[in-house]
Amino acid sequence: MSASAWCKRMTEWFHAASSSKGRANSVDALGRRLRRKFILVAMGAVTVVLTLIIAGINIVNYSHVCKMADARLDYILAGKGSIDWEDESRTDSGNGGDTSTGMVADGDRAGARVGHFEGMTAESPFDTRYFTVTLVEGQVVDVNTARIAAVGAKRAARIAMGLDSKGLTSGFSGNYRYTTTAQGEKTTYVFVDCSRELASFHSFLNASVAISCIGWLAVLAIVTVASGAVIRPMVESYSKQKRFITDASHEIKTPLAVIDAANEVQEIESGESEWTQSIHEQVARLTALTERLVFLARMDEGSAGFTMASIDLSEAVDKAAAPFESVAVSRSKRLSMSIADGVRAHADAAAVAQVVELLLDNATRYASEDSVIELSLRAVSRGAGKGSAELVVSNAVDELPEGDLDRLFDRFYRADVSRSSKTGGSGVGLSVVRAIAEAHGGSATVSGHDHQITFTVRL
């Protein structure tokens, strides 16, 4: 084997090894991204479900506490019809004593009454702790604390006056559920002690939250372990797809070169004809398509090999767009350029030229007949969006594509298949534009309005 042949073989082996390594790194990165997304989506769903379950259970529990307390309040208020509250001993609000005693109905009487109140039992009247405060024009005239030991007359009066000053007539005040009843100028506040019920509610709330957190962590561990097996088929499919695109593109190049060479020989021997010219055009189209597919595959693998530098973007765009003035004229359109001077960006000059060429090629193919294609470049501040420069290509179209215009950046997407076949579009040019823009830390977007479509690239 000669030295030159050995060097050539080693170079080919090195490029193949580099491509394989880049593909492997790309697949690993994709696997990690998919695993993260899968875990985030799965745990997000679990979090929502657990939150709804905990909230639902505890809301029902709290509503039950309130319902039971309200039943006791209603029972106490209804007792005015069978218990002579005026005969009960009370502590005068001015004396501050707690020596009042209350009158309690006998068991038979209480049993008959509780049947009218949901949740009440015959024992409920005897384990209910409550106190009442009567006010007239905001002043305490009567306090009854005979059925509670935790609250004295002064504190009871202070609580009732505070609620009355705020205009509150029902709800919770600390551990006490209260309501009011009015008789003429008198307003009576009735308070029921709900300490045990609220303590039970908070205990259940804390326990449910703790158990849910433990369950959430357990599900997280299971999902993390299982995510690898779940996304493995997708990663393998992605890897095979990329390998097929790259390998097929390389394999297609050789027969295309042979066909083109044979066509040239045919032209030399028999002269140029419409058939040989058509072959040249189709070979050029397939060659461009394979090159773009290889480029996209390398972009996905992160091995596009851009040479990033600070370039004069105005000069690069003007140089790339100039040849399309004649192209536009040949296709019955006109190109109008508005390029600001001195626009600079940190980018790859060849990639920028490719973006301009692809956008203008797309515009000259699909713009309406006798329309004007407008290309503009201007500097933008970083606060206005990504990048430091904005390239805009706008043209009129006979009909805007239906649905989401962003799909135009999808690979092999064609809004009008019949027209794309006539104009020679491949369906990957705009995909390359977006890939280059995003590789430069920028963006590529599209918008449409009134038969006018606009592509905006920020670098």
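So, here is what we can say about the structure in this document. (Residues numbered from 1 in each chain as written. Predicted model: local features only at pLDDT ≥ 70, side-chain atom pairs only at ≥ 80, totals over all residues. Heavy atoms only, no water.)

### Considerations on the nonpolar core
Now for step 1: Ranked by size, the top nonpolar core spans 50 residues in total, and within it Leu 313, Leu 359, Leu 360, Leu 375, Leu 391 and Val 457 carry the most contacts.
Now for step 2: It is helix α9 (residues 349-366) that contributes the most residues to this core, nine residues altogether.
Now for step 3: The contacts of Leu 391, once residues within four sequence positions are left out, are Val 317, Val 355, Val 356, Leu 359, Leu 375, Ser 376, Leu 377, Phe 455, Thr 456 and Val 457.
Now for step 4: One finds Leu 135, Val 151, Ala 153 and Leu 163 within the second-largest nonpolar core, a separate group that totals 17 residues. (Core = buried A, V, L, I, M, F, W, Y, C linked by side-chain atoms within 4.5 Å. Buried < 20%, exposed > 50% of the residue type's maximum accessible area, 1.4 Å probe, protein only. Helix = DSSP H or I, 4+ residues; strand = E, 2+ residues; numbered from the N terminus. Contact = heavy atoms within 4.5 Å.)

### Some points on α9
Now for step 1: Along its 18 residues, α9 runs 26 Å from first to last C-alpha, staying within 8% of the 26 Å computed at 1.5 Å per residue.
Now for step 2: Judged by how many residues are buried, α9 sits mostly within the fold: 13 of 18 residues are covered.
Now for step 3: A side-chain oxygen of the first residue of α9 lies 3.1 Å from the backbone nitrogen of Ala 350; this N-cap is Asp 348. (Expected span 1.5 Å × (residues − 1). Polar contact = N/O pair within 3.5 Å; in protein donor to acceptor, adjacent residues only side chain to side chain.)

### Comments concerning the pattern of salt bridges
Now for step 1: One pass over the full model with this rule turns up seven salt bridges.
Now for step 2: Across the pair Arg 365 and Asp 361 runs a salt bridge whose closest N-O atoms are separated by 2.9 Å. With Arg 365 and Asp 361 both in helix α9 and four residues apart, the pair spans about one turn of that helix.
Now for step 3: Across the pair Arg 458 and Glu 390 runs a salt bridge whose closest N-O atoms are separated by 2.8 Å. Here Arg 458, found in strand β12 (residues 452-458), pairs with Glu 390, found in strand β10 (residues 389-396); they are 68 residues apart in sequence, far enough to count as distant. The two residues Arg 458 and Glu 390 agree in class, both being buried. (Salt bridge = Lys/Arg side-chain N within 4 Å of Asp/Glu carboxyl O.)

### With respect to the sheet that holds strand β11 (residues 443-449)
Now for step 1: What the five strands build is an open sheet, ordered β7-β9-β10-β12-β11; its pairing is mixed. Only two strands of the sheet have a single partner each, and these edge strands are β7 (334-339) and β11. For this sheet the average axis-to-axis angle between neighbouring strands, irrespective of direction, equals 15 degrees.
Now for step 2: Across the sheet, α9 touches β7, β9 (372-379), β10 and β12, and the angle it forms with β10 is around 15 degrees. (Pairing = 2+ DSSP bridges. Axes fitted to C-alpha atoms, helices over the stretch in contact; angles between N-to-C directions.)

### Regarding the sheet that holds strand β4 (residues 176-183)
Across a sheet, strands are paired by hydrogen bonds formed along the backbone, either parallel or antiparallel in direction.
Now for step 1: Judged by pairing direction, the sheet is antiparallel, and its five strands sit side by side in the order β2-β1-β5-β4-β3 without closing on themselves. This sheet does not close on itself; its edge strands, each paired only once, are β2 (139-147) and β3 (171-173). Within this sheet the neighbouring strands show an average axis-to-axis angle of 30 degrees, counted without direction.
Now for step 2: Bridge count between strand β1 (residues 130-136) and β2: six bridges; the pairing is antiparallel. Bridge pairing links Val 136 to Gln 139 in β2.

### Structural notes on the state of the cysteines
Now for step 1: Scanning the model with the defined rule gives zero disulfides in all.
Now for step 2: The thiol of Cys 66 is not disulfide-bonded; the next cysteine sulfur, from Cys 194, is found 7.9 Å away. (Disulfide = S-S within 2.5 Å.)

### Remarks on the packing of α9 against helix α11 (residues 429-439)
Now for step 1: In contact at an axis separation of 9 Å, α9 and α11 are set at 145 degrees when each is read in the N-to-C sense. Once α9 is placed against α11, the crossing between them reads as left-handed. Here Ala 351, Gln 354, Val 355, Leu 358, Leu 359 and Asn 362 of α9 lie close against α11, whose contacting residues are Gly 429, Leu 430, Val 432, Val 433 and Ile 436.
Now for step 2: Classifying every residue of the contact of α9 with α11 by side-chain character gives eight nonpolar, three polar and no charged. (Left-handed = near helix turned anticlockwise from the far one by under 90°. Nonpolar A, V, L, I, M, F, W, Y, C, P; charged D, E, K, R; others polar.)

### As for the packing of aromatic side chains
Now for step 1: The tally for this structure, following the rule as stated, stands at eight aromatic pairs.
Now for step 2: Taken together, a centroid distance of 5.5 Å and an interplanar angle of 80 degrees make the contact between Phe 131 and Tyr 176 edge-to-face. Within this pair, whereas Phe 131 is found in strand β1, its partner Tyr 176 is found in strand β4, the two being separated by 45 residues in sequence. Pair check on accessibility: Phe 131 and Tyr 176 agree, each one buried.
Now for step 3: Between Tyr 189 and Phe 191, the aromatic rings sit 6.1 Å apart at their centres with planes inclined by 20 degrees, giving stacked as the arrangement.
Now for step 4: Over the ring of Phe 409 we find Arg 434; its NZ or CZ atom is 4.1 Å from the centre of that ring. (Phe/Tyr/Trp six-rings, centres within 6.5 Å; stacked < 30°, edge-to-face > 60°. Lys NZ or Arg CZ within 6 Å of the ring centre and 35° of its normal.)

### Here we look at the side chain of Asp 361
Now for step 1: Judged by relative accessible area, which is 16%, Asp 361 ranks as buried.
Now for step 2: Looking at Asp 361, its side chain comes within polar contact range of the side chain of Arg 365, at 2.9 Å.
Now for step 3: Apart from residues lying up to four places away in sequence, Asp 361 is in contact with Phe 324 and Arg 331.

### A closer look at the packing of helix α7 (residues 313-321) against α9
Now for step 1: At a minimum axis distance of 9 Å, the contact between α7 and α9 shows a crossing angle of 45 degrees. Looking at the two axes, α7 sits oblique to α9. The element α7 and its partner α9 pack so that their crossing is right-handed. Residue-level inspection shows Leu 313, Ala 316, Val 317, Ala 320 and Ala 321 of α7 in contact with α9, the latter providing Val 352, Ala 353, Val 356, Glu 357 and Leu 360.
Now for step 2: For the contact of α7 with α9, the class distribution of residues is nine nonpolar, no polar and one charged. (Parallel < 35°, antiparallel > 145°, perpendicular 65-115°, else oblique.)

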